[in-house]
Amino acid sequence: MSTMDCNVFNPVELPCGRTVENRLVKAAMYEHMSNFSGGPPNEFHYGLYSEWAKHGWGMILTGNVQVSPQHLTLGRDIVVPPTLNAEDIRPFEKLAEVIHGAVGGTRSLAIMQLSHAGRQSVNFIGGRPPFVAPLAPSSLRVGADHTENRGRGAISDLMFHALFQVPTEMTTQDILHVQSSFVRGALLAYKSGFDGVQVHAAHGYLLAQFMNPKSNIRNDEYSVAPENVTRMLYEIVEAIRKVVPTTFIIGIKINSADYVASGSAEEVSQEGERRILDHIRTIASWSIIDFIEISGGDYEKPDFMACGSQKLGRQAFFAQFSRTVMKNLYQPHAPLSSIPLILLTGGLRSHSHLQAALVSNHADLLGIGRGAVLCPDLPRILRLQLQNSKPPSISDDDRPFVHEPEAVLRASKWVPSVKLIGAGVMTAWYTNRMRDIAISQIKNPRAEPPLADYNRGGVITMFKMWAWLDFRNMASIWVLGIFTVLIVTVGVFY
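Predicted model, so just to flag it, every value in this text is computed and none were measured. (Residues numbered from 1 in each chain as written. Predicted model: local features only at pLDDT ≥ 70, side-chain atom pairs only at ≥ 80, totals over all residues. Heavy atoms only, no water.)

1. Quick word on the overall build of the protein chain
Then comes step 1: Check the secondary structure of the protein chain and you find 16 helices and 13 strands.
Then comes step 2: For the protein chain, the proportion of contacts with a sequence separation of at least 24, taken over those separated by at least 6, is 77%.
Then comes step 3: Looking at the protein chain as shown, the accessible area adds up to about 19700 Å², and 56% of this sits on carbon and sulfur atoms. (Helix = DSSP H or I, 4+ residues; strand = E, 2+ residues; numbered from the N terminus. Contact = heavy atoms within 4.5 Å. Areas by Shrake-Rupley, 256 points an atom, 1.4 Å probe, with all protein chains shown as cover.)

2. Notes on unusual backbone geometry
Then comes step 1: Even without a glycine there, the phi angle at His32 is positive, about 60°.
Then comes step 2: Following the sequence through the fold, His32 ends up in the loop between β3 (24-26) and α2 (43-53).
Then comes step 3: A relative accessible area of 1% means that His32 is categorised as buried.
Then comes step 4: The backbone of His203 shows a phi angle near 55°, a positive value even though the residue is not glycine.
Then comes step 5: Tracing the backbone shows His203 in the loop between β9 (196-201) and α6 (206-210).
Then comes step 6: Classification of His203 by relative accessible area gives buried; the value is 7%. (Buried < 20%, exposed > 50% of the residue type's maximum accessible area, 1.4 Å probe, protein only.)

3. Thoughts on helix α3 (residues 86-99)
Then comes step 1: Given a rise of 1.5 Å per residue, 14 residues ought to cover 20 Å, and the 20 Å separating the end C-alpha atoms of α3 matches this to within 8%.
Then comes step 2: Within α3 the residues assigned to the buried category are Asp88, Ile89, Pro91, Phe92, Leu95, Ala96, Val98 and Ile99.
Then comes step 3: Of the residues that open α3, the one with a side-chain oxygen 3.2 Å from the backbone nitrogen of Glu87 is Asn85. (Expected span 1.5 Å × (residues − 1). Polar contact = N/O pair within 3.5 Å; in protein donor to acceptor, adjacent residues only side chain to side chain.)

4. Examining the pairing of strand β13 (residues 365-368)
Walk down a regular strand and you will see the side chains alternate between the two sheet faces.
Then comes step 1: Residue alternation in β13 divides its side chains into two sets, Leu365 and Gly367 and Leu366 and Ile368, and both sets are buried.
Then comes step 2: Alignment of β3 against β13, held across 3 bridges, turns out to be parallel. By the bridge assignment, Lys26 is partnered in β13 with Ile368.
Then comes step 3: Relative to β13, strand β12 (residues 341-345) runs parallel, the two being bridged by 3 bridges. Paired with Leu343 across the two strands is Leu365, which belongs to β13.
Then comes step 4: Where the polypeptide runs from β12 across helix α10 (residues 351-359) and back to β13, its parallel neighbour, the crossover connection is right-handed. (Pairing = 2+ DSSP bridges. Right-handed = clockwise from strand over helix to strand, strands pointing away.)

5. What to know about the packing of helix α5 (residues 172-191) against helix α7 (residues 231-243)
Then comes step 1: Contact pair α5 / α7: the axes reach a minimum separation of 9 Å and the direction vectors enclose 40°. Considered as vectors, α5 and α7 are oriented oblique to each other. Of the two elements, α5 crosses α7, and the hand of that crossing is right-handed. Each of Ile175, Val178, Gln179, Phe182, Val183, Ala186 and Leu187 in α5 lies in contact with α7, whose residues at this interface are Met232, Glu235, Ile236, Ala239, Ile240 and Val243.
Then comes step 2: In terms of residue class, the contact of α5 with α7 is built from 11 nonpolar, 1 polar and 1 charged. (Axes fitted to C-alpha atoms, helices over the stretch in contact; angles between N-to-C directions. Parallel < 35°, antiparallel > 145°, perpendicular 65-115°, else oblique. Left-handed = near helix turned anticlockwise from the far one by under 90°. Nonpolar A, V, L, I, M, F, W, Y, C, P; charged D, E, K, R; others polar.)

6. Overview of the side chain of Asp377
Then comes step 1: Turning to its location among the elements, Asp377 is positioned in the loop between α11 (370-374) and α12 (378-387).
Then comes step 2: In this structure the side chain of Asp377 is engaged in a polar contact, spanning 2.5 Å, whose partner is the side chain of Arg380.

7. A word on the pattern of salt bridges
Any two side chains of opposite charge can pair, on the condition that their charged atoms come close.
Then comes step 1: Tallied over the full model, the rule gives 10 salt bridges.
Then comes step 2: Close ionic contact of Glu97 with Arg90 constitutes a salt bridge, the shortest N to O distance being 3.2 Å.
Then comes step 3: Two residues, Arg281 and Asp278, come together in a salt bridge whose shortest N-O distance is 3.3 Å. Placement of the pair is Arg281 and Asp278 together in helix α8 (residues 270-285), with a separation of 3 residues, close to one helical turn.
Then comes step 4: The partly exposed category is assigned to Asp278, whose relative accessible area is 28%.
Then comes step 5: Linked by salt bridges that have partners in common, Arg90, Glu93 and Glu97 make up one network. (Salt bridge = Lys/Arg side-chain N within 4 Å of Asp/Glu carboxyl O.)

8. Let's talk about the packing of aromatic side chains
Then comes step 1: Across all of its chains, the model carries 7 aromatic pairs by this definition.
Then comes step 2: With a centroid separation of 5.8 Å and 75° between ring planes, the pair formed by Phe124 and Phe131 is classed as edge-to-face.
Then comes step 3: Their ring planes at 70° and their centres at 6.3 Å tell us that Phe210 and Tyr222 sit as a pair that is edge-to-face. Of this pair, Phe210 sits in helix α6 while Tyr222 sits in the loop between α6 and α7, and the two are 12 residues apart along the sequence. Each member of the pair, Phe210 as well as Tyr222, is classed as buried.
Then comes step 4: By way of ring pairs, the aromatic residues Trp429, Tyr430 and Tyr454 are connected into one cluster.
Then comes step 5: We note Lys26 situated over the ring of Trp52; from NZ or CZ to the ring centre the distance is 4.4 Å.
Then comes step 6: In this structure, Lys94 is placed above the aromatic ring of Tyr46, and the distance from its NZ or CZ to the ring centre is 5.9 Å. (Phe/Tyr/Trp six-rings, centres within 6.5 Å; stacked < 30°, edge-to-face > 60°. Lys NZ or Arg CZ within 6 Å of the ring centre and 35° of its normal.)

9. A word on the environment of Ile442
Then comes step 1: Structurally, Ile442 can be placed in helix α14 (residues 419-443).
Then comes step 2: Taking the relative accessible area as the measure of exposure, Ile442 reaches 34% and is therefore partly exposed.
Then comes step 3: For the pair formed by Ile442 and Ser50, sequence separation is 392 residues and the distance between their alpha carbons is 9.5 Å.
Then comes step 4: Sequence-distant contacts of Ile442, that is, excluding residues within four places in its chain, are made with Glu43, Phe44 and Gly47.

10. Quick notes on the packing of α2 against α3
Then comes step 1: Viewed as axis vectors pointing N to C, α2 and α3 meet at an angle of 20°, and their least axial separation amounts to 8 Å. In terms of orientation, α2 and α3 fall into the roughly parallel class. Read as a crossing pair, α2 and α3 show a hand that is right-handed. In contact with His45, Tyr46, Tyr49, Ser50 and Ala53 of α2, α3 contributes Pro91, Lys94, Leu95, Val98 and Ile99.
Then comes step 2: Across the contact of α2 with α3, the residue classes break down as 7 nonpolar, 2 polar and 1 charged.

11. A few points about the pairing of β12
Then comes step 1: Counted residue by residue, β12 has 5 buried out of 5 residues, so it is predominantly covered.
Then comes step 2: Relative to β12, strand β11 (residues 291-295) is paired through 4 bridges, and the arrangement is parallel. Across the sheet, residue Ile292 finds its bridge partner in β12, namely Ile342.

12. Side note on the side chain of Gln66
Then comes step 1: By secondary structure assignment, the location of Gln66 is in strand β4 (residues 59-66).
Then comes step 2: Since its relative accessible area comes to 0%, Gln66 is described here as buried.
Then comes step 3: Looking at Gln66, its side chain comes within polar contact range of the side chain of Asp77, at 3.3 Å.
Then comes step 4: Contact partners of Gln66, with chain neighbours within four places excluded, come to His71, Leu72, Thr73, Asp77, Ile78, Val79, Val80, Ser115, His116 and Ala117.

In structure tokens:
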């Protein structure tokens, strides 16, 4: 029996007492399927998640559910409703039921990811009137002081100025309101039947902004001083824990890229390593967190939206962080029952990567995002392969689960300096793929998902993502027009 056989499908217990039936986690992905200006889950979400629910994932994380309707990412986010009456909760109950709906197999844990975009909530489609600034820890615009974008020409500067405004610095009252919004989101998850929540403190979103000196220059109790840097996050999860049962799962997603020197995930400075370990040790010391996901990148350095060679030529490029974290958390004197599990997400694209991550003690749980979109039935496939009498060869172990669309969607030579554009095209491709899966399941729940379309170029990919609009809504037509003008202006030729 292979080592992988002994690990990937072994259950593991969370500190709260709940059991994850196997180590395979469907990681959160941006979905872009709600109504414009945000809204509850709909039939497209139900169709998409019903496909994942069939195949035995240990845990399924939703895409980001925004706690503030005025701080959306790209317009079509799921949003926590302002009230939690029966009518408001029902669409979320339906989504939880769909995720739990496996017949005769593994019942996946359903985790709602709660998020607030902060200063990364874009103009026009971020849920605010045009040119109304978003809230953030400090009045520092995305890209305003990032060396990778400085001096790279007018295109990059135009993109950041067009998409992101100088945010308004949050008052203490603003902070308390955001905290209560996260608590309301957790109550929504609990009341609608989800098994837990993941608080999104990664990818440059609001909670990551509070912990990052490039976005937080406050001098009050929410500054980045060592005694304050995790205060915002702690006050949110502590408040959540007070209003939900002890068996309700609470996870956190943190940002490894904030601890990287020179923007490279290969060059972790001693200072960066010290910071990430300090933060994670602090989080673990609270004894109220069940799992920590190690992720990375933000809109200034969107590595989390890129792929392949753009991810520094290494498939599990967060492993260095996870390995260090695991080594420091699992000390002989530490009570195992209170140590949060580590979820590694990023570039786990082959059997050997999954096996190595567990055997090498890089992670407790294995997060798969884009691989889950390309291959929704990955857990089933892995089980069947492990049941074969002949073990897979080394070459089979190293072979990616499925082909990725990297080559056909590389950014044009006309815009080499704007990483955000190339990353956005890749996000659009996967968004379209998820939509195709959803539609196929709506039409026929027993049907196999359609084959991925690798022949779709960048312009078509972006247009198909954004042209999927309700033309009865004039706001949708306005947004499409703005988007088209931006594309023409920056000269994105794919």
